[in-house]
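# Results of the structural survey
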Amino acid sequence: MKALIPALGLTLIAVLPASAEGFERIEQRDGFLSLVQNKDLTRFGIRLTVKNDGRIEGSAFGREVTGDWRWDGGFFCRDLYVGGDPLDANNCQVVQVRGETVRFTSDRGSGDYADLRLK
């Protein structure tokens, strides 16, 4: 399970100052939903869909990904399960966008980030 943690989108992959790279922060739930509605969030081996009703569905390297999300004070907060196993529960993240790339930065923006493509 630990091997999936660095690779799975909406988790942790690198530590860099995101704001310095031309990303625009998404601070409202409606803005986030308009960005991801009817699209998948992808990266190598990962495909996730964030549903309007608060669900997350998808797959990561052949394993089912499920979860729930909510918007809380300008942060995307989510619980994820990979193959039924919990992954970094209740993590609230800053969401930023640049073109077709959506960046999720863990720990309310002070942690690592994951970049996913909109498809």
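Okay, so let's go over this structure. Here the structure is a predicted model, which is why all the values come from computation and not from measurement. In every chain, residue numbers begin from 1 and rise along the written sequence. In view of the model being predicted, local features appear only for residues whose pLDDT reaches at least 70, and side-chain atom pairs are presented and counted only at 80 or more, with totals across whole chains, interfaces and linings using the full set of residues. Only heavy atoms go into the side-chain values, all of them from the structure, while hydrogens and water stay out.

## Things to note about the state of the cysteines
Any covalent bond linking the sulfur atoms of two cysteines counts as a disulfide. Worth spelling out the cut-off: Note on terminology: pairs of cysteine sulfur atoms within 2.5 Å are recorded as disulfides. A run of H or I in DSSP counts as a helix once it spans at least four residues, and a run of E counts as a strand once it spans at least two, with each numbered from the N terminus. Whether a residue is buried, partly exposed or exposed follows from its accessible area with a 1.4 Å probe, protein chains only, as a fraction of its type maximum: under 20%, in between, or over 50%, in that order.
By the definition in use, this model includes 1 disulfide. The side chain of Cys-77 participates in a disulfide bridge whose partner is Cys-92; the two sulfur atoms lie 2.0 Å from each other. Around the S-S axis, the bridge from Cys-77 to Cys-92 shows a dihedral of about 110 degrees and counts as right-handed. With a gap of 15 residues between them, Cys-77 in strand 6 (residues 75-82) and Cys-92 in strand 7 (residues 85-98) connect regions that are remote in the sequence. Side by side, Cys-77 and Cys-92 carry an identical accessibility label, which is buried.

## A closer look at the nonpolar core
Note the following rule: What we call a nonpolar core is a set of buried Ala, Val, Leu, Ile, Met, Phe, Trp, Tyr and Cys residues that are connected through their side-chain atoms within 4.5 Å.
In terms of nonpolar packing, the biggest core is built from 25 residues, with Phe-32, Leu-41, Trp-69, Phe-76, Val-95, Val-102 and Phe-104 touching the most fellow members. Among the secondary structure elements, those contributing two or more residues to this core are helix 1 (29-36), strand 3 (46-50), strand 4 (55-60), strand 5 (63-72), strand 6, strand 7, strand 8 (101-105) and strand 9 (113-118). Among the elements that make up this core, the one with the highest residue count is helix 1 (4 residues).

## Overview of helix 1
Going by this rule: The arc refers to the directions leading from the helix axis to the C-beta atoms.
Within the span of helix 1, buried status applies to Phe-32, Leu-33, Leu-35 and Val-36. Looking straight down helix 1, one finds its buried side chains confined to an arc of 160 degrees; they lie on one side. Opposite the packed face of helix 1, turned more than 90 degrees from it, sit the exposed residues Asp-30 and Ser-34. Just past helix 1, the residue Asn-38 takes up positive phi, approximately 60 degrees.

Note that every value here comes from positions in space, so none of it alone points to a role or purpose.
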